[in-house]
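Each chain, written out:
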Protein chains: 2
Amino acid sequence: MEGNDKIKINFKLKPIGILKTPYEKKAPPQPDSKTNGDFRIIIYHEYLEGLYKLEEFKYIYILYFLNRSKKEFPLKVNPPWSDNKVGLFASRSPNRINPIGLSVVEILKIEKNIIYTSPMDAFNNTPLLDIKPYIKLLDVKEDANNGWLEKGEIEHLMMHIKGIVH
Amino acid sequence: MEGNDKIKINFKLKPIGILKTPYEKKAPPQPDSKTNGDFRIIIYHEYLEGLYKLEEFKYIYILYFLNRSKKEFPLKVNPPWSDNKVGLFASRSPNRINPIGLSVVEILKIEKNIIYTSPMDAFNNTPLLDIKPYIKLLDVKEDANNGWLEKGEIEHLMMHIKGIVH
């Protein structure tokens, strides 16, 4: 097997802002529209100019530092909406080698340095690392699938996303 | 304006593998199917188990460290496929506050610790930080848009993605 030429990364992650959510003690595994409350991204003032023209996009990617994830990361995990054991990289578990979270969120409005969004699946005060535009042309893969998620699991997950009590 | 409660991040990024592409001196701004050559992700042996069931997905997200990006990052940038100046966070520029790249790539096949993929827009030997499954249910946003990209720009970008000589 190939792959022994390891590269060292010498870089200190720098928060560019902070996520505001109603989740203090428990956060849902995926965005849950049952949750009431404001979801906001606050961008630090020095980066405000970087938001120019962002409001023209309907969706954005947010990358954030999972500062409350566990320091242990088994390489096989049990997703909350499944009975399957799957590999860490085939899962969205927050306990990762590099604890970086990724979500697609909808922009509701932007006021100065505050982005009001659809529900985010992150704890309150999670440090934000990056925002990238979700570009229909590049990021919508019509022929994508749901991998190991089985029909029943997909329906269950869908109920969470749509906020249907079950 | 809100936002003065800065959090320090004390974490050292750790490569979990490496990207193999034909790009040594120049890399395209977006995946370019005109390029001939192998595109492979090599996962370090100790993380092999984390790939379990990944092959059931058609697409994955890869997060990688942009180790050849510029250390300067103007907050307004000029995308290669546009005449518009846009904010850094409304762009996919590689020169970012936290130089983390994100791409959606197609899995062609997985053999042991090697993932053969569709074209990636990254330099050869780029350190890989994470793989997450691209899940149709969560990540396909049918109502997404192309933001500030104008019609002509979209067509131009599309030609690159489809590998049409122009």
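Residues numbered from 1 in each chain as written. Chains lettered and ligands numbered in written order. Predicted model: local features only at pLDDT ≥ 70, side-chain atom pairs only at ≥ 80, totals over all residues.

(A) Representation of the pairing of strand E1 (residues 17–20) of chain A within the structure. Residue and element names in this part refer to chain A. Neither face of E1 is open: one carries Gly-17 and Leu-19, the other Ile-18 and Lys-20, and all of them are buried. Pairing analysis gives four bridges linking E1 to strand E2 (residues 40–43), with the strands arranged antiparallel. Paired with Ile-18 across the two strands is Ile-42, which belongs to E2. Two strands pair when backbone bridges link them, and E1 and strand E8 (residues 126–133) are joined in this way by three bridges, in the antiparallel orientation. Considered in E8, the bridge of Ile-18 is made with Pro-127. (Buried ≥ 20, exposed ≤ 12 C-beta atoms within 10 Å, placed from the backbone. Helix = DSSP H or I, 4+ residues; strand = E, 2+ residues; numbered from the N terminus. Pairing = 2+ DSSP bridges.)

(B) Inspection of the relation of the copies chain B and chain A at higher detail. Rotating chain B by 180 degrees and translating it 0.0 Å along the rotation axis places it on chain A, where the RMSD comes to 0.0 Å. Here the copies are linked by what is in effect a two-fold axis. The position closest to the rotation axis in chain B is occupied by the C-alpha of Val-140 of chain B, lying 2.6 Å away. Of the interface residues in chain B, 100% have counterparts in chain A that sit at the interface too, so the contact is made through matching surfaces. (Least-squares fit on C-alpha atoms with pLDDT ≥ 70 in both. Contact = placed C-beta atoms within 7 Å.)

(C) Quick look at the sheet that holds E1 of chain A. All names here are of chain A. Taken together, six strands build a closed barrel; the order of strands is E1-E2-E7-E6-E3-E8 and the barrel is antiparallel. Direction aside, neighbouring strands of the sheet carry axes that sit 45 degrees apart on average. Alignment of strand E6 (residues 100–111) against strand E7 (residues 114–117), held across four bridges, turns out to be antiparallel. The residue of E7 that forms the bridge with Glu-111 is Ile-114. (Axes fitted to C-alpha atoms, helices over the stretch in contact; angles between N-to-C directions.)

(D) Representation of the sheet that holds strand E8 (residues 126–133) of chain B. Taking strand neighbours around the barrel as the criterion, the six strands line up as E1-E2-E7-E6-E3-E8 (chain B) in a closed arrangement whose pairing is antiparallel. Taking each pair of neighbouring strands and ignoring which way they run, the sheet shows an average axis angle of 45 degrees.

(E) Spatial organisation of the nonpolar core. Ranked by internal contacts, the top residues of the largest apolar core, which has 85 residues, are Ile-60, Ile-62 and Leu-129 of chain A together with Ile-60 and Leu-129 of chain B. The element that contributes the greatest number of residues to this core is strand E3 (residues 59–65) of chain A, accounting for seven residues. Residues contacting Leu-129 of chain A, with those up to four places away along its chain left out, are Leu-13, Pro-15, Ile-16, Leu-63, Tyr-64, Phe-65 and Ile-100 of chain A together with Asn-98 and Ile-100 of chain B. (Core = buried A, V, L, I, M, F, W, Y, C linked by C-beta atoms within 7 Å.)

(F) Molecular detail of the environment of Leu-19 of chain B. Residue and element names in this part refer to chain B. With respect to the helices, strands and loops of the structure, Leu-19 is situated in strand E1 (residues 17–20). Given 25 C-beta atoms within a 10 Å radius, Leu-19 is considered buried. Spatially, the C-alpha atom of Leu-19 lies 4.7 Å from that of Ile-41, the residues being 22 residues apart in sequence. What Leu-19 contacts, discounting residues up to four positions off in sequence, is Ile-41, Tyr-64, Met-120, Ala-122, Thr-126 and Leu-128.

(G) Layout of the environment of Met-120 of chain A. Relative to the assigned elements, Met-120 of chain A resides in the loop between E7 and E8. Along the sequence, Met-120 of chain A and Ile-62 of chain A sit 58 residues apart, while their C-alpha atoms lie 9.6 Å from each other.

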